[in-house]
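Understanding the architecture of this molecule
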Amino acid sequence: MTRFLLRNAVWIVLLFTTIAFVAVEPRLLSVRIFINVLEHSSILGILVIGMIFCLLAGRFDLSSESTLGFTALVGAWMVSTNAFFGSGWQLPPALVIVLMLAMGAAVGCINSFFIIKLRVNAFIVTLAMLLALRGFTYVFTNANTMYDLPPSFTALGGYSIGGLLPVSVILFLSLFIVSQFVLSYTAFGRDLYAIGGNREAAFAAGIRVDRRTLTAFVLSGMLGALAAWVLAGRLQAVTINLGQGMVFEVFAAAVIGGGSLAGGKGTMMGPLGGVLLLGVITTGLSVMPISSFWVDAVRGVLILAAVVLWRVTEIFEERWRTSTP
Amino acid sequence: MQAGRILRHAAIAAVLALGISVGGQSASADGYKVVYIAPQLNNAADIVIARNWQDVSESLGMDAVIKNAEISAKREADEWATAIALGYDAIVGGPVDSLAATISVKKANEAGIPVFMLGRTSAGGKVELIARADNISLGTIAAEELVRRIEEQRGEIAGKVLELHGPMDQVNARQRSEAIQAVLAKHPKIELIRKLQHWTPEEFFDITKSVASANELVGITMGSDVIPGVDAALDSLGQLKKIGEPGHIVVTGIDADPRILDLIGNDLWDASALQDMVGYGTILAHYVKHYLDGSFKITAAGPIDNPGAPYHGIEARWNEATEGWEIQTPSRPVDKSNYTDPSLWGNAIKKYQ
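Definitions and limits used
- Residues numbered from 1 in each chain as written.
- Chains lettered and ligands numbered in written order.
- Predicted model: local features only at pLDDT ≥ 70, side-chain atom pairs only at ≥ 80, totals over all residues.
- Contact = placed C-beta atoms within 7 Å.
- Helix = DSSP H or I, 4+ residues; strand = E, 2+ residues; numbered from the N terminus.
- Nonpolar A, V, L, I, M, F, W, Y, C, P; charged D, E, K, R; others polar.
- Pairing = 2+ DSSP bridges.
- Axes fitted to C-alpha atoms, helices over the stretch in contact; angles between N-to-C directions.
- Core = buried A, V, L, I, M, F, W, Y, C linked by C-beta atoms within 7 Å.
- Buried ≥ 20, exposed ≤ 12 C-beta atoms within 10 Å, placed from the backbone.
- Domains from an automatic or database assignment.
- Expected span 1.5 Å × (residues − 1).
- Parallel < 35°, antiparallel > 145°, perpendicular 65-115°, else oblique.
- Left-handed = near helix turned anticlockwise from the far one by under 90°.
- pLDDT = per-residue confidence, 0-100.

Another aspect to go through is the interface of chain A and chain B. Taken together, the contact pairs 33 residues of chain A with 33 residues of chain B. The set of elements that each furnish at least two residues to the side of chain A that touches chain B consists of helix 3 (31-56), helix 11 (209-235), helix 13 (269-287) and helix 14 (292-323) of chain A. Of the residues that constitute the side of chain A that touches chain B, the class distribution is 13 nonpolar, 16 polar and four charged.

This is the structure:
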């Protein structure tokens, strides 16, 4: 029982946080708000999945927010029907989506090249990529907002089944389930744990460390592009600063959910709890009649409290594990 | 091993070459050399402020350069230090942080370089002219248009209104928000829901959707409509109705972004308070030229019908503010009646595409 509680600490925190918010603001207890939390979490969730793949392999990917921003803006530029701010090409949305995913994969490949072949630290490489992509986004679009996006392009992020359940929510939850399956039941998933746990030992055991690492970064890039597509559809417009600062929330959700920055540890379900916890906090504070001045402070304190609680449960789990014969 | 080393060196060489080629650009026009150190160049409004100032300055024969502080006070101080070292004839600023910029302004003063400000100003140092929008006027018009249209639609000024305001440490955000609150406070049946955002579309969308889900809103207003998200959030809730349709939520903004002009044209956005950045940038560029020529210098408050009067059609006055001489271009409402006006910056920007 203790072990179960410790391993699912993030869900317990999520439950108590939700109860506390609802007790203070009863209007939060509605289907619509619940759906809002899931929708709010969907973009962050998709990025977190990519980050977890990299973290499990013992690497960082700081560039995912810029991959999102860059691919969203370039994609919107190619598909926009606006005579002044679009490219004028008005490419078919299906083609643009494929190109966006290809751009995301290319970002992952470039990151991997520097990390694997040139052995440059992943933190530095992906930080440089974050800055470079943000810069290219400026150059590419002259800092304009892209809009007039065709409905078929915005459907994934903007369409709701029955006017209530956004398709993006189904996509994001499905991706978590599939990703957890990949981690638990495929050679790729098991290899990532082995690589993150001990890279040299994994190599000695015959695991193709470089190829698995490349795949993790390519997946992270493609998920960044997928998040871009969803977000562009939701907002029906794309700005130059789209996704800016999201990397902090991505890390927070991953760590709250039990992901280890050292690699080789964690699941997809824990970070899903972390993503939903951040979604509850953000949506709850939006609805509550709390002074605007307090929102950032309260959000920061709540996130810090969640991380500390997670760390405490981890310490207990370590002690419990070492004391058990 | 050898191949890896070669690749590493090649990559470093490529990065250095790129840096040299980008950093090696220089302007070559004759005349006064002036620089505008922009606080940021990450949105249409700041792009228009910078590009219009540059265009007008160059049309007057000046060599006008734009630098970007990227919303970093440190980066801004570095750009100012470089500009002072290069000996520009004039520096035009738009501080990221008004207090932090004071040191840079004083250094420019000591170096004998005249300083002008565009859009916002420093807390200290000698500034020859500040050209900016009247933020109080912007907030007042956004709120008055909101109230008037709520009354037109519902027969009374009552109900819940969402205000998306920016961080209060930004003078522009604070003044606009205070003006909005001052107008709405006159209507006791209006319940104002104020929400802080940091000018990101994700926040505009999420906050609007959350608040509109839990409350029956009659109106929404905001510190800037350059940021998208509000209309998409209402659309996702099925609450984006055309003006005149039952259940239409009145929406007003500030700035009159090009995207908003299109929404106004489609009856999906009620009104916006115009920030006349083309107007005040044009006036400043001319004043810098006059100042450097020694042909005109402000000595008294009054309308800007001074020598040359190249600012035809721009209504503004010289005023003496606490920070120095200033001109504030007044705002005016933009709605269905005038959204195609080519003098609006949201339409003027199209020439830069």
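This next bit is on the sheet that holds strand 3 (residues 90-93) of chain B. Residues and elements named next belong to chain B. What the eight strands build is an open sheet, ordered 2-1-3-4-5-13-12-11; its pairing is mixed. The outermost strands of the open sheet, each flanked by one partner alone, are strand 2 (63-68) and strand 11 (302-303). Of the pairings in the sheet, the one linking strand 4 (residues 115-118) to strand 5 (residues 129-133) comprises three bridges and is parallel in character. Its bridge partner lying in strand 5, F116 is registered against L129.

What follows is about the sheet that holds strand 7 (residues 190-196) of chain B. Strand pairing in a sheet takes place through backbone hydrogen bonds and is either antiparallel or parallel in direction. Residue and element names in this part refer to chain B. Pairing in this open sheet of six strands is mixed, and the strands run 7-6-8-9-10-14 from one edge to the other. If you trace the sheet from one side to the other, it starts and ends with strand 7 and strand 14 (333-334), each paired once. Pairing between strand 10 (residues 271-274) and strand 14: two bridges, direction antiparallel. Following the sheet pairing, S272 is matched in strand 14 by V334. Contacts from helix 7 (residues 201-214) reach strand 6 (159-165), strand 7 and strand 8 (217-222), with the element oriented near 165° to strand 6.

L47(A), I91(B) and L284(B) are the most contacted members of the largest nonpolar core, which totals 206 residues. A total of 17 residues in this core trace back to one element, the largest contributor, which is helix 11 of chain A. Taken domain by domain, this core gets at least three of its residues from each of domain 1 (28-127 + 277-329) and domain 2 (135-274) of chain B. If we skip the residues at most four places from it in the chain, I91(B) touches V35(B), I37(B), W80(B), A83(B), A108(B), I113(B) and V115(B).

All names here are of chain A. Taking 1.5 Å per residue as the helical rise, helix 6 (residues 122-141) with its 20 residues ought to reach 28 Å, and the 28 Å between its terminal C-alpha atoms agrees with that figure. For helix 6, the elements touching its buried residues are helix 4 (64-79) and helix 5 (93-117). Two residues or fewer past helix 6, N142 is found with a positive phi of approximately 60°.

All names here are of chain B. Entries for chain B in the domain assignment read domain 1 (28-127 + 277-329) and domain 2 (135-274). Each of domain 1 and domain 2 has a C-alpha centre, and the two are 31 Å apart. Residue-level contacts link five residues of domain 1 with six residues of domain 2. Taken together, the residues that form the side of domain 1 that touches domain 2 break down as two nonpolar, two polar and one charged.

All names here are of chain A. The contact between helix 3 and helix 8 (residues 167-185) brings their axes to 8 Å, and the two run at 45°. Taken together, the axes of helix 3 and helix 8 lie oblique to each other. Here the hand of the crossing between helix 3 and helix 8 comes out left-handed. Every residue of helix 8 that contacts helix 3 at I35, L38, E39, S41, S42, G45, I46 and I49 is listed here: S168, V169, F172, L175, F176 and S179. Residues belonging to the contact of helix 3 with helix 8 are distributed by class as follows: eight nonpolar, five polar and one charged.

All names here are of chain B. Across chain B, the average pLDDT comes to 85, with 87% of residues at or above 70. Averaged over each element, pLDDT in chain B is lowest for helix 1 (residues 2-23) (44) and highest for strand 8 (98). Across residues 11-29, where pLDDT falls below 50, the model places five contacts with residues more than four positions away in sequence or in other chains. Per-residue pLDDT stays below 50 along residues 306-312; that stretch engages in nine contacts with residues further than four places along the chain or on separate chains. In the model output, the complex is listed with pTM 0.80 alongside ipTM 0.77.

Moving on, we get to the environment of I207(B). For I207(B), the location among the structural elements is in helix 7. Between the C-alpha atom of I207(B) and that of Q175(B), which follows or precedes it by 32 residues, the distance is 22 Å. Sequence-distant contacts of I207(B), defined by excluding residues within four places in its chain, comprise S286(A), L164(B), K195(B) and Q197(B).

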